[in-house]
Each structure stands twice: as C-alpha cells, then as structure tokens.
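Topology and contacts: notes
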Amino acid sequence: MNDPLDTFMGLRSRLRGIAYRMLGSAADAEEVVQDAWLRWHGTDTTAVANAEAWLVAVTTRLAIDRLRAAQARREDYVGTWLPEPILTAADAPHTPEQVLERADQLSVAFLTVLERLAPEARAAFLLRDIFEADYGEVAAALGKSEAACRQLVHRARTLLKDGRSRQTVAPEDQQRLLRAFAEAATRGDIAGLKAALTEDAELISDGGGKVPSFGVPLLGGQRIAQLYMAVSLRYAGRVHYELAELNGEWGLLRFIDGALESAQALQIEGGRVVRIHTQRNPDKLARIAEARGDALVDPAVTHYVTKGDPASS
C-alpha cells in the first residue's frame, strides 16, 4: 500500500500546476496545495479508490473558492492586474515539443487571457484542455454533470479563441529577438526598438499601487519605443536587461542599479513584438528576486516619464 505522503508528493507538481493556472499567483497556489495536503492527511486514505482524482478534485474546488475571493478583491486593485510571473528553467522539459507545449499552456499571456473566464469555467477548461482529464473526471472535480462540463468547456474555448496566441515561436527565435530588443533598450536606440515592435503593439503593466504603472494599455510601437528610450536616458549606465525563462518562455528581467525592477513577458508574432506584459509590483517580483538572490529595486527611484505619459512601463 502506498504511503499517503509519498502519494501526495508524487502528485504535488500536478496539483500546484492546476492551482497556479487557476489563480495566477504562486503564493496562493502553494497555500491551496497545502490546504489540499491537510485535507488528504486528515482523511482515511485507505478508503480512497483513486488518490489522484480525489486530490485533483479537492485542489480544484479549493482553487475555485480562492479565485472567487480573489476576484472580489481585484475589483479594488490599483491599476491593471497581471499574473505573478514565475521562473521555470529549473524544471524545464527536455524536448523541443515539450518546451513549445508548456509555453502555450503557462505563458503570462495565456494566464492573462484566462482571466476572462468565471472560476468554474476556468477550472473545467484547464482540467480538460490543459491537464487532459476526461469529462467524467472534470464532472467529479466540479460536482456537475458531464453535459454541464462539456458546455462550460465549449463556452470557455469560444471566449478564449481570439485571445490565445496564434503562433508558436521557437525558443532560439525568442532569444534572438529579445537580445536585440534588450540591446536597443539599453542603448536607447529608438530605431532598433521600433524595428522590433509592430506598429500596433501594446504594453500592459502592473504596479499594484506600489510603483507607477499605466492604468490602461499603452498602444503603439512608437510610444512604447519612446518609453524604453526614456528609461535608458533617465538611468544612463544604470539599467540593464537579462534574459530569463518566465512561465515556460523567454522573457526579460530589467535591473536598475543592479536591483530587479520588472519582469517582462514579450509576445511575438511574425518575428516582432506585439504585446508586452510588464510586472512591476514588488510583491509579485519577490519570488523571482529571492530565487535568483537579487535585491528588489527601491520603488522610490522607479518613476519616469516620457512625452506626456504620466507613468512607467
């Protein structure tokens, strides 16, 4: 008979993956998994016929409840709410196919699109389309009929259809474009920045009320290029960028005076950047900084402007 702890630890990564995709917060996901462990520890596991199904169901329900509470709190969130980015290189899959698959299922862009869904629809979609559960398992996890779950998944797919990335970019192509973008941003090379951005590119930033950020997306490659140029000019010689694997795909970390200022996920289509999700909220950068041994930038030194734009990227 399997030890209950061994059983749980063998499924922990899957449970954490479900919780994180549900909540967009690594801290909240860890708390959900811990709560699932407490419930597993407190039950008669010998009476559980399928441990994985039991734990997935409990984790999913806990995540749904927590997401409902989080959504209520987010109504008062200052500015735009974006998911907490995570470093993923440490547990990176090995084959190119796995790399591309995970990027499509874990990227900041994907998690942001998931915010369109109500909690139960989000859970049904994730279990079915991302974790490949059959409809019987989805129904058991949600406490609904299979027919109802099919409807939830169908509606979720419809809502997400236009928001999901239509192109998959190979990691080496991501790195090449991001290096060019970072070099241009460091130099304040506006021509190089504009060449890397589409004309209708958008930048979405999250400061959480802790640091300046745009309340609405900044639209247009020209304006975004000017913004990065302004950062270079203001912090001449004090700003630099590093490539890092964020949520299964390559992104950029920006540092000012050697301290982490932001994590930037760049969405690429047709060889150019179409969207940038910039996480500047120090609370959502803390895990990345801790994992790397970096300091977080002092919020007092991160306010910069460009040609009438009152906030930063």
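Summary of the structure given here. None of these values were measured; they are calculated from a predicted model.

Some points on the side chain of Asn247
Among the secondary structure elements, Asn247 is positioned in the loop between strand E3 (239-246) and strand E4 (249-256). For Asn247, a relative accessible area of 0% gives the class buried. Engagement of the side chain of Asn247 in a polar contact is seen with the side chain of Tyr20, the distance being 2.8 Å.

Digging into helix H7 (residues 135-142)
Among the residues making up H7, those that are buried are Tyr135, Val138, Ala139, Ala141 and Leu142. Buried residues of H7, viewed axially, fall in a sector of 165°; they line one side. On the buried face of H7, the contacting elements are helix H3 (51-74), helix H6 (119-130) and helix H8 (146-160). Sitting at the amino-terminal end of H7 is Asp134, which places a side-chain oxygen 3.0 Å from the backbone nitrogen of Gly136. Just downstream of H7, Gly143 is the residue with a positive phi angle, here 70°.

Re the environment of Glu120
Its place among the elements puts Glu120 in helix H6. In this structure the C-alpha to C-alpha distance between Glu120 and Leu67, which are 53 residues apart in sequence, comes to 9.6 Å. If we ignore the near neighbours within four places in the chain, the residues touching Glu120 are Ile64, Arg68, Leu142, Lys144 and Leu152.

Things to note about the sheet that holds strand E2 (residues 218-219)
Strand pairs in the sheet, formed through backbone hydrogen bonds, run parallel or antiparallel to each other. Ordered by their spatial adjacency, six strands build an open sheet running E2-E1-E6-E5-E4-E3, and the pairing between neighbours is mixed. Edge positions in the sheet fall to E2 and E3, since each has one partner strand and no second. Bridge count for strand E1 (residues 197-206) against E2 is two bridges, and the pairing is antiparallel. Bridged to Leu203 within E2 is Leu218. Those strands touched by helix H11 (residues 221-234) are E1, E2, E3, E4, strand E5 (259-269) and strand E6 (272-279), and its axis lies near 60° from that of E1. With respect to the sheet, helix H12 (residues 282-292) is in contact with E1, E3, E4, E5 and E6, its orientation differing from that of E5 by roughly 105°.

Parameters at a glance
- Residues numbered from 1 in each chain as written.
- Predicted model: local features only at pLDDT ≥ 70, side-chain atom pairs only at ≥ 80, totals over all residues.
- Heavy atoms only, no water.
- Helix = DSSP H or I, 4+ residues; strand = E, 2+ residues; numbered from the N terminus.
- Buried < 20%, exposed > 50% of the residue type's maximum accessible area, 1.4 Å probe, protein only.
- Polar contact = N/O pair within 3.5 Å; in protein donor to acceptor, adjacent residues only side chain to side chain.
- Arc of directions from axis to C-beta.
- Contact = heavy atoms within 4.5 Å.
- Pairing = 2+ DSSP bridges.
- Axes fitted to C-alpha atoms, helices over the stretch in contact; angles between N-to-C directions.

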